[in-house]
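As a plain string of letters, each chain reads:
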Amino acid sequence: MTVRQAHQERVRTGDHFINGDVACAEGALAAGCGLFAGYPITPSTEIAEHLARRLPEVGGTFVQMEDELGSMAAVLGASWAGARAMTATSGPGFSLMQENIGWGVLTETPCVVVDVQRPGPSTGLPTQTSQSDVMQAKWGSHGDYEPVAYAPASPQEMFDLTVLAFNTADRLRIPVFIMADEAVGHITERVRIPAAEALPSSSRPRPTDAPGNGFLPFKAGPGLVPPMAHAGEGYHIHITGLTHTERGYPTNSAEVHDRLVRRLSDKVLRRADELTLVERVWLDDAQVAVVAYGGTARSARQAVRIARERGVRAGLLRLITLWPFPGAAIAQLGLQTRLVVAESNLGQVAREAERYTAGQVYRVTHAGGHLLPPEPILEAILERA
Amino acid sequence: MTRQEVRLAGFGGQGIILAGYLLGKAAALYGGQHAVLTQVYGPEARGSACNADVMLSDSPIDFPEVRHPSIMAVMSQEAAESFLPSLVGDGTLLFDSDLVQLDWPGRRFGVPATSIADQLGRRIVANMVMLGFLSATTGLVPPEALEEAIRTTVRAHTIELNLRAFEAGYTRGTAA
């Protein structure tokens, strides 16, 4: 095996003028990503392209895989070998990754999956923007599970949330999704990369006992996240996508299955308060609140600003976390304001928001193909004011 | 809030995207402004019309797309014909007078960017000539910021040539 020597810095501290995809790649590097395995696809290609150059410079590994099934599998394998691992794709590839994402959920394998969304179904509009994979992030793989997904609205957040995604993935031992969109992936803006020691960092829970026969690789404590032993450390463990006991062996027991799937969901849901990040803009006295996320949130912010200039008390609830869904923030808002949801799909978040409010949710939607402009959002605000 | 929408257009291979990148980088990193660069990701090929859009502002930029540029620099006839209708009525048009012939009733400044670049030894730096010309005629981004962006972006052995091209365009612009 060749041991690669790092000859470049991992964390490029300073100000950069880079696009969202490159910022995401730099975020992965700064977070200590050791392996990227992927199959390039527009509009995520620059992530792979940048990491193909940068990862070897810092001692990491870049693998261009044969397809997205293999990409996801390689990422999961690298994670069990102890590396922080990531892949990046767009809708068509995200579809192909779903089976192995489910394997990652059930085997509690930390990893980061970036979906720079483009309009679907199918290959759709390859070079354009969309937010139509939001529900796929929640329900894409079969079975019950609770994902964590973030929606960056700028190249800066592509960096910041990628770092956060690695931390969340390790802390909870889950696949974490960056649900970006083409508009955010491809705009170029200033990105400020902090000093390495200023970056937030958290790690996987690890076994405290030396390898021996007593280790139960899927036995969780009160935090519901079991310690993770890596390949080659001497813990003789069995990892399977079949329902397994705390020892890791397959079982047919309905009771074990129920207990396991509930724990996997609960380890996320019990932390929903800290995981669901939102930005509140001018909401204190708002009569109309726009709910938006990702690239569309930029248009929404502009619409809200113009409405304010015209004397309309409008505000913005920007969803930074999409899953677990920030339902509590929406429920609270729905009591005092009229809600407008703006998104580049036909109402995926709007429908979810309706579950948390008794009032009507007004929709500003577009199937994708261009960034939803501020005008229809402004119109909706003025109509509802 | 002061906001400027700038569109640079030409044909693929002229370095239009690089010029737009340098304009945005200079403004955002060395000019104390907010800047967003957007570009169209279509099946465009070398030789066909392409554009780079830069939005500059003294406050954070929300909706990033340039829709009504007030400054446009065109470096090919096809690009001029494609994009000129988007220039606002009182906008400023800059053009490479070697390659573009047009009627624009408003403020317009031509510079023979391609032949100046040829005289410097490489046609490929015509984009830098145009960038210098734009800096001088519009005052959008100070020349020092653009020169710093050039120095920190282009390959080391081409810095000097790029800077000379930039200065040649800038000098033409101050006289325009």
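Residues numbered from 1 in each chain as written. Chains lettered and ligands numbered in written order. Predicted model: local features only at pLDDT ≥ 70, side-chain atom pairs only at ≥ 80, totals over all residues.

K.L.:
Just to check I follow, could you spell out the overall build of chain B for this structure?
P.N.:
Summing up its helical and strand segments, chain B has six helices and six strands in all. Element order for chain B, N to C, with α for helix and β for strand: β-α-β-β-β-α-β-β-α-α-α-α. Against the 2.2 N^0.38 benchmark of 16 Å for 176 residues, chain B shows a C-alpha radius of gyration of 15 Å, consistent with a compact globule. Counting across all 176 residues of chain B, residues that qualify as buried make up 51%. Considering only contacts within chain B whose residues lie at least 6 apart along the sequence, 62% involve residues at least 24 apart. (Helix = DSSP H or I, 4+ residues; strand = E, 2+ residues; numbered from the N terminus. Rg over C-alpha atoms; globule rule 2.2 N^0.38 Å. Buried ≥ 20, exposed ≤ 12 C-beta atoms within 10 Å, placed from the backbone. Contact = placed C-beta atoms within 7 Å.)

K.L.:
Please clarify how the interface of chain A and chain B should be interpreted in this entry.
P.N.:
You'll often see interface size given as the accessible area lost when the parts meet. Every contact between the two is made by 17 residues of chain A and, on the other side, 14 residues of chain B. Mapped by element, the contributors of at least two residues to the side of chain A that touches chain B are β1 (14-19), β8 (188-193) and α10 (294-309) of chain A. Of all the elements, α10(A) adds the most residues to the side of chain A that touches chain B, at four residues.

K.L.:
For this particular structure, what's the right way to read the sheet that holds strand β11 (residues 314-319) of chain A?
P.N.:
One key point about sheets: their strands pair by backbone hydrogen bonds, in either a parallel or an antiparallel sense. Residues and elements named next belong to chain A. Reading across from one edge, β9-β11-β10-β13-β14 is the order of the five strands in this open sheet, with mixed pairing throughout. The sheet is open, and its two edges are formed by β9 (278-281) and β14 (361-365), each paired on a single side. Across the sheet, the mean angle from the axis of one strand to that of its neighbour is 20°, orientation sign disregarded. Where strand β13 (residues 338-343) meets β14, five bridges bridge the pair, whose relative direction is parallel. The residue of β14 that forms the bridge with Leu339 is Val361. Along the sheet, α10 makes contact with β9, β10 (288-293), β11 and β13, crossing β10 at roughly 155°. (Pairing = 2+ DSSP bridges. Axes fitted to C-alpha atoms, helices over the stretch in contact; angles between N-to-C directions.)

K.L.:
Sorry, what's going on with the confidence of the model for chain A here?
P.N.:
Residues shown with low pLDDT carry predicted positions that ought not to be read at fine detail. On average, residues of chain A score 96 in pLDDT, and 99% of them reach the 70 mark or higher. The spread of mean pLDDT over the elements of chain A runs between helix α11 (residues 327-336) of chain A, the lowest at 92, and strand β6 (residues 148-150) of chain A, the highest at 99. (pLDDT = per-residue confidence, 0-100.)

K.L.:
Would you explain helix α1 (residues 20-30) of chain A in this entry?
P.N.:
Side chains of residues three or four places apart in an α-helix project in the same direction, reflecting 3.6 residues per turn. Residues and elements named next belong to chain A. Buried residues dominate α1, accounting for 11 of its 11 residues. Of the residues making up α1, those classed as buried are Gly20, Asp21, Val22, Ala23, Cys24, Ala25, Glu26, Gly27, Ala28, Leu29 and Ala30. Looking at the residues trailing α1, positive phi occurs at Gly32, about 90°.

K.L.:
I would appreciate a short explanation of the sheet that holds strand β7 (residues 175-181) of chain A in the present structure.
P.N.:
All names here are of chain A. Across the sheet, which stays open at both edges, the seven strands sit in the order β3-β2-β4-β5-β7-β6-β12 with mixed pairing between neighbours. In this open sheet, the two edge strands, each paired with only one partner strand, are β3 (61-64) and β12 (321-323). Pairs of neighbouring strands in the sheet enclose a mean axial angle of 20°, with direction left out of account. Pairing of strand β4 (residues 84-89) with strand β5 (residues 111-117), which is carried by four bridges, proceeds in the parallel orientation. Across the sheet, residue Thr89 finds its bridge partner in β5, namely Asp115. Here helix α6 (residues 155-172) sits on the sheet in contact with β2 (33-38), β4, β5, β6 and β7, set at roughly 165° to β7.

K.L.:
Any chance you could explain the packing of α1(A) against α6(A) here in plain terms?
P.N.:
Residue and element names in this part refer to chain A. For the pair α1 and α6, the least separation of the axes is 7 Å and the interaxial angle reads 25°. The orientation of α1 relative to α6 falls into the category roughly parallel. For the element pair α1 and α6, the recorded crossing hand is right-handed. Taking contact as the criterion, the partners of Gly20, Ala23, Cys24, Glu26, Gly27, Ala28 and Ala30 in α1 are, on α6, Pro155, Gln156, Met158, Phe159, Asp160, Thr162 and Val163. Along the lines of polarity and charge, the residues of the contact of α1 with α6 split into eight nonpolar, four polar and two charged. (Parallel < 35°, antiparallel > 145°, perpendicular 65-115°, else oblique. Left-handed = near helix turned anticlockwise from the far one by under 90°. Nonpolar A, V, L, I, M, F, W, Y, C, P; charged D, E, K, R; others polar.)

K.L.:
Before we go on, may I ask you to explain the confidence of the model for chain B in this structure?
P.N.:
Counting all residues, the mean pLDDT for chain B is 94, and 96% of those residues have values of 70 or more. Model confidence for the complex is summarised by a pTM of 0.97, with the ipTM given as 0.96.

K.L.:
How should I be thinking about the nonpolar core in this particular structure?
P.N.:
Where a protein is soluble and globular, its nonpolar side chains tend to be buried together. Counting residues in hydrophobic clusters, the biggest one holds 166 residues, and the most contacted among them are Val290(A), Val291(A), Ile381(A), Val129(B) and Met130(B). When residues are assigned to domains, this core turns out to be shared by domain 1 (14-195) and domain 2 (278-384) of chain A, each giving three or more. Not counting the four nearest positions on each side in its chain, Val291(A) is found in contact with Leu317(A), Leu319(A), Ile330(A), Leu339(A), Val341(A), Val349(A) and Ala353(A). (Core = buried A, V, L, I, M, F, W, Y, C linked by C-beta atoms within 7 Å. Domains from an automatic or database assignment.)

K.L.:
Is there a simple way to think about α11(A) in this case?
P.N.:
All names here are of chain A. What α11 keeps buried is the set Ala329, Ile330, Leu333 and Gly334. Within α11, the buried residues cover an arc of 130° as seen down the axis, which keeps them to one side. Exposed residues on α11 whose side chains face more than 90 degrees from its buried face are Leu335 and Gln336. Where α11 is buried, its residues contact β9, β10, β11, β13 and α12 (348-354). (Arc of directions from axis to C-beta.)

K.L.:
Explain the environment of Ala26(B) to me, please; I cannot follow it from the model alone.
P.N.:
Residues and elements named next belong to chain B. Looking at the secondary structure, you find Ala26 in helix α1 (residues 16-30). In this structure Ala26 comes out as buried when scored by C-beta crowding, with 30 C-beta atoms within 10 Å. For the pair Ala26 and Pro143, spaced 117 residues apart in sequence, the C-alpha separation works out to 8.9 Å.

K.L.:
I keep staring at the environment of Leu163(B) and nothing clicks. Help me out?
P.N.:
Residue and element names in this part refer to chain B. Along the chain, Leu163 falls in helix α6 (residues 159-175). By C-beta crowding, Leu163 is classed as partly exposed, having 18 other C-beta atoms within 10 Å. A sequence separation of 38 residues divides Leu163 from Val125, and the C-alpha atoms of the two residues are 9.3 Å apart. The residues contacting Leu163, other than those within four sequence positions of it, are Glu147 and Ile150.

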